[in-house]
Amino acid sequence: MAPKSDSAEAIVLNFVNEQNRPLNSQNVADALQKFNLKKTAIQKALDSLADGQKISFKEYGKQKIYLARQDQFEIPNTEELNQMKEQNASIQQQLEEQKKATSEVEAEIKSLQSNLTLEQICEREVDLRIEVEEMENKLTKLRGGVTLVRPEERKAVEDMLSEKITQWRKRKRMFKDLWDTLTENSPKDPKEFKEELGIEYDEDVGVSLQSYSDLLQPAKKRPRGK
């Protein structure tokens, strides 16, 4: 008599046949946790199925290994196997094509998502108009000779900048002296050693001491036109 479809034996038999590989009771118990079957019930079902010759089993010491009966499966001949291989190759090719198509669609979606919506464009336009108006008002004041920064404030900023540049120049010189000492007799290539230590020069990060120093240079008087 075949086990009921909702019984422990039926669930275990269906799983063993689907897997069609060697299993022990722990493998089956771990896989069938969703059915709330205890390991003792699974072991009992496995033994009952084996006794009824619905599944095969072998004993290795104290452990039993269970396997679906192979006589219930149709074994394909050479021609059928070749057809299956061809079908599998065709399916794999279709899968790769689908993956490629999916990647292209995802890239297009990502590109579209990065574009601004009409509402966002309108909001951005309003912000830019306000920004332009503020800049024009500021430009009008500058053209009218209005002093936007008081002389004492300008001097304080220039003094602070001068001090920072002095410290910057001093630290560059200290580093150069130390670096020259370290690399003078070192067998390593200075460039490789620099990269190994993660050292970055000003130029590596796009800054220049000279360009900041030039900000402090007094403006040269323009020659008057004749």
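All of these numbers come straight from a predicted model, not from anything done at the bench.

Moving on, we get to the side chain of Ser25. If you trace the backbone, Ser25 turns up in helix H2 (residues 25-31). The class of Ser25 is buried, set by a relative accessible area of 11%. There is a polar contact of 3.1 Å between the side chain of Ser25 and the side chain of Gln43. Ser25 has contacts with Lys39, Ile42, Gln43 and Leu46, leaving out every residue within four places of it along the chain.

So, on to the environment of Thr183. By secondary structure assignment, the location of Thr183 is in helix H6 (residues 151-184). On the accessibility criterion, Thr183 (14% relative accessible area) is buried. Separated by ten residues in sequence, Thr183 and Phe193 have C-alpha atoms that sit 8.6 Å apart. For Thr183, the residues in contact, after removing those within four places along its chain, are Pro190 and Phe193.

On to the UniProt feature "domain: Leucine zipper with capping helix" (unreviewed entry) in the protein chain. Taking the UniProt record as the reference, the feature "domain: Leucine zipper with capping helix" (unreviewed entry) is found at residues 149-206. Note that residues 149-206 is 72% helix and 0% strand, and that its end C-alpha atoms are spaced 29 Å apart.

What follows covers the packing of aromatic side chains. Within this structure, the stated rule accounts for five aromatic pairs. Ring geometry for Phe175 versus Tyr201: centroids 6.2 Å apart, planes at 70 degrees, classification edge-to-face. Residue Phe175 is located in helix H6, and its partner Tyr201 is located in the loop between helix H7 (190-197) and helix H8 (209-214); the two are separated by 26 residues in the primary sequence. Between Trp179 and Phe193, the ring centres sit 5.5 Å apart and the planes meet at 20 degrees, which makes this aromatic pair stacked. With Trp179 in helix H6 and Phe193 in helix H7, this pair connects stretches of sequence that are 14 residues apart. Summarising the burial analysis for this pair, Trp179 and Phe193 share the class buried. The rings of Phe175, Trp179, Phe193 and Tyr201 are connected pair by pair, giving a single aromatic cluster. Taking the ring centre of Tyr201 as reference, the NZ or CZ of Lys194 above it sits at 4.9 Å.

Right, let's get into the environment of Arg69. Note on placement: Arg69 falls in the loop between strand E2 (63-68) and helix H4 (78-114). With relative accessibility at 27%, the residue Arg69 sits in the partly exposed group. Residues Arg69 and Gln53, 16 residues apart in the sequence, show an inter-C-alpha distance of 8.2 Å. Ignoring sequence-local partners within four residues, the contact set of Arg69 consists of Gln53, Lys54, Ile55 and Ser56. In this structure the side chain of Arg69 is engaged in a polar contact, spanning 2.5 Å, whose partner is the backbone oxygen of Gln53. A polar contact of 2.4 Å, which involves the side chain of Arg69, links it to the side chain of Asp71.

So, about the pairing of strand E1 (residues 55-60). Sheet topology note: the E1/E2 ladder contains six bridges and is antiparallel. Note on E2: the bridge partner recorded for Glu59 is Lys64. Between E1 and E2, which pair antiparallel in sequence order, lie two residues; one of them, Gly61, sits at a positive phi of approximately 70 degrees.

Close contact between helix H1 (residues 8-19) and helix H3 (residues 39-51) brings their axes to 9 Å; oriented N to C, the two are set at 70 degrees. Taken together, the axes of H1 and H3 are roughly perpendicular relative to one another. Residues Ala8, Glu9, Val12, Leu13 and Val16 of H1 lie in contact with H3, whose contacting residues are Ile42, Ala45, Leu46, Ser48 and Leu49. The class makeup of the residues in the contact of H1 with H3 is eight nonpolar, one polar and one charged.

Negative charge collects at one region of the surface, where Glu119, Glu123, Asp127, Glu131, Glu133, Glu134 and Glu136 lie side by side. Examined against the element boundaries, Glu119 turns out to sit in helix H5 (residues 118-143).

Residues spaced three or four apart along an α-helix face the same direction, because each turn holds 3.6 residues. A distance of 3.0 Å separates the backbone nitrogen of Lys191 from a side-chain oxygen at the start of H7, and that oxygen is part of Asp189. Just past H7, the residue Gly198 takes up positive phi, approximately 75 degrees.

Roughly 270 Å³ of volume is contained in the largest pocket. Lining the largest pocket are Trp168, Arg171, Lys172, Arg173, Phe175, Lys176, Trp179, Asp180, Glu200, Tyr201, Asp202 and Glu203. Its residues assigned to classes, the lining of the largest pocket comprises four nonpolar, no polar and eight charged.

Conventions we followed
Residues numbered from 1 in each chain as written. Predicted model: local features only at pLDDT ≥ 70, side-chain atom pairs only at ≥ 80, totals over all residues. Heavy atoms only, no water. Helix = DSSP H or I, 4+ residues; strand = E, 2+ residues; numbered from the N terminus. Buried < 20%, exposed > 50% of the residue type's maximum accessible area, 1.4 Å probe, protein only. Polar contact = N/O pair within 3.5 Å; in protein donor to acceptor, adjacent residues only side chain to side chain. Contact = heavy atoms within 4.5 Å. UniProt positions renumbered as here; feature names shortened; annotations may be inferred. Phe/Tyr/Trp six-rings, centres within 6.5 Å; stacked < 30°, edge-to-face > 60°. Lys NZ or Arg CZ within 6 Å of the ring centre and 35° of its normal. Pairing = 2+ DSSP bridges. Axes fitted to C-alpha atoms, helices over the stretch in contact; angles between N-to-C directions. Parallel < 35°, antiparallel > 145°, perpendicular 65-115°, else oblique. Nonpolar A, V, L, I, M, F, W, Y, C, P; charged D, E, K, R; others polar. Patch = residues over 30% accessible without salt bridge, like charges linked within 9 Å, V, L, I, M, F, W, Y side chains within 5 Å. Areas by Shrake-Rupley, 256 points an atom, 1.4 Å probe, with all protein chains shown as cover. Salt bridge = Lys/Arg side-chain N within 4 Å of Asp/Glu carboxyl O. Lys, Arg positive; Asp, Glu negative; His and termini not counted. Charge placed at Lys NZ, Arg CZ, Asp CG, Glu CD. 1 Å grid on protein atoms, 1.4 Å probe; cavity = no way out; pocket = protein on both sides within 12 Å on 5 of 7 lines; lining within 4 Å. Points joined across faces, edges and corners; volume = space filled by probe spheres on them.

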